[in-house]
Amino acid sequence: YSVHMGRLRFGPYLVSAALFVVIGVAIYNLQSVGISAAAIAMSKDMDMRNMGKFWAFPFLQSSGLIALLFSYISVLLGLSQTILKERGYSKNIAINCLHRHVALSAVILVVIHMITTALDAMGDSWRTVLIPGAWADQGWPEAVWGYDLGIAAAYLLVLVGPTFYLRRYFSGKNWINFHRLIAFVYLFSVWHAMILGLDLPYYTWLRPAIWLAQIPVLALFMWRLYRSTFKISSAEQQFSISRLSCVTGFVFSALAILTLLIIVVTGNSGFIATV
């Protein structure tokens, strides 16, 4: 048992570190010969084959991609854990442990992403990484919204993510309600990646894949809301605000799934880059 739990504790950090290094080195090699997504996109403005200057960019991309992946897994695990509780099952220690360490791995990757962004030599600095709106004077107005979403997501993640270790200081369900803000972290992160990720338009399958990957998240969220609505309606015979919130969330999630399918099927997966 202790060996199994040890794997759950340290496994996410080892996997995230391995992916970060492998993908970072792969992008580094592609960039060094001018055939990475960023090198091709920036060929008219700068020669990104100069790895002495642009060494940080491959690891900026790598950390961002893996952070997004681990955030996605963390959200799925969190929703799964909540659904099990709603169905009356006892707390699953393994899922809870894995969820916690996957989430912490994502926090570490986000910190690395911020550091490598500040060092990427493409106009960024600690000012543009830490201060919303600071990118406005860099000559890429479309990126301002993407940067601001990323900054908001990073601050909110660092604030909300580690609160698991402080939950004893919250009364009642206050910690759970506060922890639910992590949904906005994930939403902002996806939007940030969709706008600024230079890999996404180059590898044409990536944006549709990211859109479609949100369907399991929304489906789990809908199931959780369905269970919550059933529970509320069983306990109360009158219409309640809680029930209204669950029904509204269920309907919007269903519409979101339909919208995602329309976006992908009609070939408009890249529209978000202009929003």
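The structure displayed is predicted, hence computed values, not measured ones.

Cut-offs and rules
- Residues numbered from 1 in each chain as written.
- Predicted model: local features only at pLDDT ≥ 70, side-chain atom pairs only at ≥ 80, totals over all residues.
- Heavy atoms only, no water.
- Helix = DSSP H or I, 4+ residues; strand = E, 2+ residues; numbered from the N terminus.
- Buried < 20%, exposed > 50% of the residue type's maximum accessible area, 1.4 Å probe, protein only.
- Contact = heavy atoms within 4.5 Å.
- Areas by Shrake-Rupley, 256 points an atom, 1.4 Å probe, with all protein chains shown as cover.
- Salt bridge = Lys/Arg side-chain N within 4 Å of Asp/Glu carboxyl O.
- Polar contact = N/O pair within 3.5 Å; in protein donor to acceptor, adjacent residues only side chain to side chain.
- Phe/Tyr/Trp six-rings, centres within 6.5 Å; stacked < 30°, edge-to-face > 60°.
- pLDDT = per-residue confidence, 0-100.
- Core = buried A, V, L, I, M, F, W, Y, C linked by side-chain atoms within 4.5 Å.

Participant: Go over the overall build of the protein with me, naming the residues and quoting the values.
Facilitator: Regarding its fold elements, the protein presents twelve helices and zero strands. When its helices and strands are written in sequence order, the protein yields α-α-α-α-α-α-α-α-α-α-α-α. For the protein, the residues scored as buried account for 41% of the 275 residues in total. Within the protein, contacts between residues separated by at least 24 positions form 68% of all contacts whose residues are at least 6 apart in sequence. Surface exposure of the protein reaches about 15000 Å², of which carbon and sulfur atoms provide 69%.

Participant: Summarise the pattern of salt bridges; cite the residues concerned and give the values.
Facilitator: All told, the structure shown has one salt bridge when counted by the stated rule. The partner of D47 in a salt bridge is R49, and the shortest N-O contact between them spans 2.9 Å. Owing to a relative accessible area of 48%, R49 belongs among the partly exposed residues under this scheme.

Participant: Requested: an account of the side chain of S62, with residues and values cited.
Facilitator: By the secondary structure assignment, S62 is in helix 4 (residues 57-86). Side-chain polar atoms of S62 contact the backbone nitrogen of G24, separated by 3.3 Å. Every residue in contact with S62, bar those within four places of it in the chain, is listed here: L19, F20, I23, G24 and I27.

Participant: Run through the environment of L220, naming residues and quoting values.
Facilitator: Take L220: it is sitting in helix 11 (residues 206-235). Expressed as a C-alpha distance, the spacing of L220 and V75, which sit 145 residues apart in the sequence, is 9.9 Å. Sequence-distant contacts of L220, defined by excluding residues within four places in its chain, comprise L76, L79, S80 and I83.

Participant: Tell me what's going on with the packing of aromatic side chains, and back it up with residues and numbers.
Facilitator: Going through the model one piece at a time under the given rule, you end up with nine aromatic pairs. An angle of 90° between the planes, with centres 4.8 Å apart, marks the rings of Y202 and Y203 as edge-to-face. Look at Y203 and you get partly exposed, because its relative accessible area is 29%. Ring pairing ties together the aromatic residues F20, Y28 and F59, which thus form one cluster.

Participant: Give a detailed account of the confidence of the model for the protein, specifying residues and quantitative values.
Facilitator: Per-residue confidence for the protein averages 84 on the pLDDT scale, and 87% of its residues sit at or above 70. Put simply, helix 10 (residues 199-202) is where the protein has its lowest mean pLDDT, 77, and helix 3 (residues 51-54) is where it has its highest, 92.

Participant: Now, about the environment of L200: what can you tell me, with residues and values included?
Facilitator: In this fold, L200 is placed in helix 10. Placed 70 residues apart in sequence, L200 and G270 show a C-alpha to C-alpha distance of 8.5 Å. Aside from chain neighbours lying at most four places away, what touches L200 is A193, M194, L206, R207 and I210.

Participant: Tell me about the nonpolar core, and name the residues and values.
Facilitator: By size, the foremost hydrophobic cluster in this structure holds 20 residues, and its most contacted members are F70, L109, V110, M114, L157 and V185. Taken together, the elements giving at least two residues each to this core come down to helix 4, helix 5 (93-118) and helix 7 (142-160). Examining the composition of this core, we find that seven residues originate from one element, helix 5, more than from any other. Core analysis: the next-biggest nonpolar cluster, separate from the first, contains 19 residues, L68, Y186, A193 and W211 among them.

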